[in-house]
Amino acid sequence: AVIETLLNGLPANLNIPVVIAQHMPEQFLISFAKRLNRIIPLQVKIAERSEVLCGGIVYIVPGHTNTHIIREVTTQKPMFRFTPRKYKEFNAPSIDGLFMSLAEVYQSKAIGVVLTGMGKDGTQGLAAIHRQQGYTIAQDASSSVVYGMPKSAVESGVVKEVVRLREIAGFLVSCLS
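Described in the following lines is the structure provided in the data block. Since the structure is predicted, the reported quantities are computational estimates derived from the model, not experimental observations.

## Here we look at helix H2 (residues 26–39)
Helix length check: H2 (14 residues) gives 20 Å between terminal C-alpha atoms against 20 Å at 1.5 Å per residue, within 8%. Along H2, the residues that are buried comprise Leu-29, Phe-32, Ala-33 and Leu-36. Buried residues of H2, viewed axially, fall in a sector of 100°; they line one side. H2 presents Gln-27, Lys-34 and Arg-38 as exposed residues on the side facing more than 90 degrees away from its buried surface.

Here is the structure:
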């Protein structure tokens, strides 16, 4: 429901890619992506190996591996790469791993959002985005079902804005202008 709320608030003409790492088993992620694709105005799909990121598409990273974003060698376009690399807080998919690669590829244009959830995954990744002067956002405590992941990020000092769930989509769009 949290991701559905966020995505439904984004405009249908969004011209940047959205990448989601959701702590959910692989088989549920596939049906989750299909359901979201039916009910939100943007295309939603599972990210594929070596797929180039395109604006206006919501990519959900697979649950069987960790996913990085890299620059394709010849075109320099951002694309997905799956990696066996392991991370301290969570794996398959690791939000830290995704965000760290996002920071490297997009640098100051990276935007990272940590939503409700248990644990600390995402904090190190937001720190990488923060170091690159990108924008870092955490869901606020009052709209979080579990304030673990956002709280960890906020307490680490790497979050630029703490935002209520229903306001995150509009806030993200305002960051683009």
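Next, the rest of the story.
## Description of a nonpolar patch on the surface
A surface patch of nonpolar side chains, about 330 Å² in accessible area, is lined by Met-118, Val-145 and Val-146. Along the chain, Val-145 falls in the loop between strand E7 (135–139) and helix H5 (148–155).

## Some points on the pattern of salt bridges
This structure, assessed with the given rule, holds five salt bridges. Measuring nitrogen to oxygen at the nearest pair gives 3.7 Å for the salt bridge that ties Asp-140 to Arg-164. Here Arg-164 lies in the loop between strand E8 (161–163) and helix H6 (165–176) and Asp-140 lies in the loop between E7 and H5, a separation of 24 residues in the sequence. One salt-bridge network, in which partners are shared between bridges, spans Lys-45, Glu-48 and Glu-51.

## Notes on unusual backbone geometry
For residues that are not glycine, phi is negative in most cases, and the peptide bond is trans in most cases. Along the chain, Ala-92 connects to Pro-93 via a cis peptide bond; the corresponding omega equals 0°. Inspection of the secondary structure puts Pro-93 in the loop between strand E5 (78–83) and helix H3 (95–106). The backbone of Ala-92 shows a phi angle near 60°, a positive value even though the residue is not glycine. Residue position: Ala-92 is located in the loop between E5 and H3. Of note, Gln-133 is a non-glycine position whose phi angle comes to about 70°, a positive value. The topology assignment puts Gln-133 in the loop between helix H4 (123–131) and E7.

Criteria and cut-off values
- Residues numbered from 1 in each chain as written.
- Predicted model: local features only at pLDDT ≥ 70, side-chain atom pairs only at ≥ 80, totals over all residues.
- Heavy atoms only, no water.
- Helix = DSSP H or I, 4+ residues; strand = E, 2+ residues; numbered from the N terminus.
- Expected span 1.5 Å × (residues − 1).
- Buried < 20%, exposed > 50% of the residue type's maximum accessible area, 1.4 Å probe, protein only.
- Arc of directions from axis to C-beta.
- Patch = residues over 30% accessible without salt bridge, like charges linked within 9 Å, V, L, I, M, F, W, Y side chains within 5 Å.
- Areas by Shrake-Rupley, 256 points an atom, 1.4 Å probe, with all protein chains shown as cover.
- Salt bridge = Lys/Arg side-chain N within 4 Å of Asp/Glu carboxyl O.

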